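# Structural features, examined
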Amino acid sequence: MRTVRLLLLLITAAACIGSMPARAAEVSEFKLAQQFGIGYLPLTIMKTNGLVEKHLKAAGLAETKVTWMVLASGQPMNDALLSGSLHVASGGVAPFLILWDRTRGTLNVKAVAALSSMPMYLVTNNPKVKSIRDFTESDRISMAGAGQSIQTIVLQMAAAKEFGDANYNKFSAQYRNLSHPDGLAAFLSGQEITAYFSSPPFQYQALAKPGVRRILNSYDISGGPATFLVAWATGKFRDENPKTYQAFFNAYKEATDFINANKRAAAEIYVKDSKDKSGVDAIEKMLNDPEIRITMTPEQTLPIANFMSKTGTLKGKAGSWKDLYFPELHNLPGS
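Note that the coordinates shown come from a computational prediction; the quantities given were computed from them, not determined experimentally.

### Some thoughts on helix H4 (residues 74-83)
- For H4, the full list of buried residues reads Gly74, Met77, Asn78, Ala80 and Leu81. Seen end-on, H4 carries its buried residues on one side only, within an arc spanning 165 degrees.
- Following H4 by one or two positions, Gly84 has its phi on the positive side, about 85 degrees.

Here it is in structure tokens:
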């Protein structure tokens, strides 16, 4: 009789298990995207050295296809992430924060990690402009993702400091939304664009032209080194694909460590991948610049978020930088 009861219990348990919804399998194709510039170097190293594939294989996901895309700014990144055509986006802190704010309680977008801390230079070819105080209505300022980019937020912070909080958006009518390469070409042509707010290596290429000078360094506004770029994903994706997410995180760390230990080799990979005309020596020099950090540790992210909340760009407010990043990063000394 005990044997019969045990058999019945096993049959019942098997039936219950069989009626439970099956846990979704991890994605068969992992889709990632990056933009232009050396700030995205960890992603370039992952792509070139096959690091994501390496860690997927170690996790038992050797059959997962890894697809890389290049998008011009943060808004297309966010659109692709929301549509499900992208799993990991990358870009400036500002567009990430906008999506973090919009998806709290739903898709729960957070940053995987920082990609880099880099100074952003606002440069001009207008001899009458010595600072942002000298801009007139005839000046045009090129920025990738103008209106939502991290350059936009830094310029807003500078305007608030210079003209008062109420005038933080003083220059919005003068923005021109061009990718970094297109903005550089337009700026150097000497036509409509009189100011260019970008990032390495493009800002240095602009400064190489006679008559071009820097009028603002983002580090002066942020009070020191600050995260320029991050990679972000939805909490939904992370929850449903834990092995894929962890493989990406492990590849991320390996790429970051590789760059910091092999800057010459990393510069060679960047130049080959991007076809950058600066040359390997110039890129290596940038990577050795103490102001440029390839690091996963967030720096000054919360002050940016607080400013965006203050101006109403974000409806919510983060209590800590850890509210913005997934837990895998919380052991780092972020800010």
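### Re the nonpolar core
- One finds Met46, Leu122 and Phe248 to be the most contacted residues of the largest nonpolar core, which totals 96 residues.
- When residues no more than four places from it in sequence are discounted, the contact partners of Met46 are Leu51, Val52, Trp68, Phe248, Ala251, Tyr252 and Ala255.
- Ranked by size, the runner-up nonpolar core spans ten residues in total, among them Tyr121, Val123, Ala186 and Val212.

### Quick notes on the sheet that holds strand E7 (residues 175-177)
- Across the sheet, five strands lie side by side as E7-E6-E8-E5-E9; this open sheet has mixed pairing. Either end of the sheet is taken by a strand with one partner, and the two such strands are E7 and strand E9 (213-217). Averaged over all pairs of adjacent strands, the angle between their axes in this sheet comes to 25 degrees, without regard to strand direction.
- Inspection of the sheet shows strand E5 (residues 121-124) paired to strand E8 (residues 195-197) by three bridges, in the antiparallel sense. If you follow Val123 over to E8, its bridge partner there is Tyr196.
- Here helix H7 (residues 180-188) sits on the sheet in contact with E5, strand E6 (141-143) and E8, set at roughly 160 degrees to E8.

### Let's talk about the environment of Ala160
- You can see Ala160 is positioned in helix H6 (residues 150-163).
- Here Ala160 falls in the buried class, since its relative accessible area comes to 8%.
- With 173 residues separating them along the chain, Ala160 and Pro333 place their C-alpha atoms 29 Å apart.

### A short note on the packing of helix H3 (residues 51-58) against helix H11 (residues 242-261)
- Contact pair H3 / H11: the axes reach a minimum separation of 8 Å and the direction vectors enclose 135 degrees. Between H3 and H11, the angle is such that the two are oblique. Crossing angle aside, the handedness with which H3 passes H11 is right-handed. Of the residues in H11, those in contact with Leu51, Val52, Lys54, His55 and Leu56 of H3 are Thr244, Ala247, Phe248, Asn250, Ala251, Glu254 and Ala255.

Procedures and definitions
- Position numbers for residues count from 1 along each chain, tracking the sequence in the order it is written.
- Reporting of local features is limited, given that this is a predicted model, to residues whose pLDDT is at least 70; pairs of side-chain atoms are given and counted only at 80 or more, and all residues count toward the totals for whole chains, interfaces and linings.
- Neither water nor hydrogens contribute to the side-chain values; these are computed over all heavy atoms in the structure.
- Burial here depends on accessible area, computed with a 1.4 Å probe over protein chains only, as a share of the maximum for the residue type. Under 20% is buried, over 50% is exposed, and the range in between is partly exposed.
- We count a stretch as a helix when DSSP gives it H or I for four or more residues in a row; a strand needs E for two or more, and each element gets its number in order from the N terminus.
- Throughout, the arc means the angular range of directions from the helix axis out to the C-beta atoms.
- The nonpolar core is taken to be a set of buried Ala, Val, Leu, Ile, Met, Phe, Trp, Tyr and Cys residues, with the residues joined through side-chain atoms within 4.5 Å.
- Residue contacts are counted whenever heavy atoms from the two residues lie within 4.5 Å of one another.
- If DSSP finds at least two bridges between two strands, the strands pair.
- Axis lines are fitted to C-alpha atoms, over the contacting stretch for helices. Their N-to-C directions set the angle, which ranges from 0 to 180 degrees.
- Should an angle fall under 35 degrees it is called roughly parallel, over 145 degrees roughly antiparallel, and 65 to 115 degrees roughly perpendicular, with every other angle called oblique.
- Left-handed describes a crossing whose near helix is turned anticlockwise from the far helix through less than a right angle; right-handed describes the clockwise counterpart.

The values are spatial; any link to function lies outside them.
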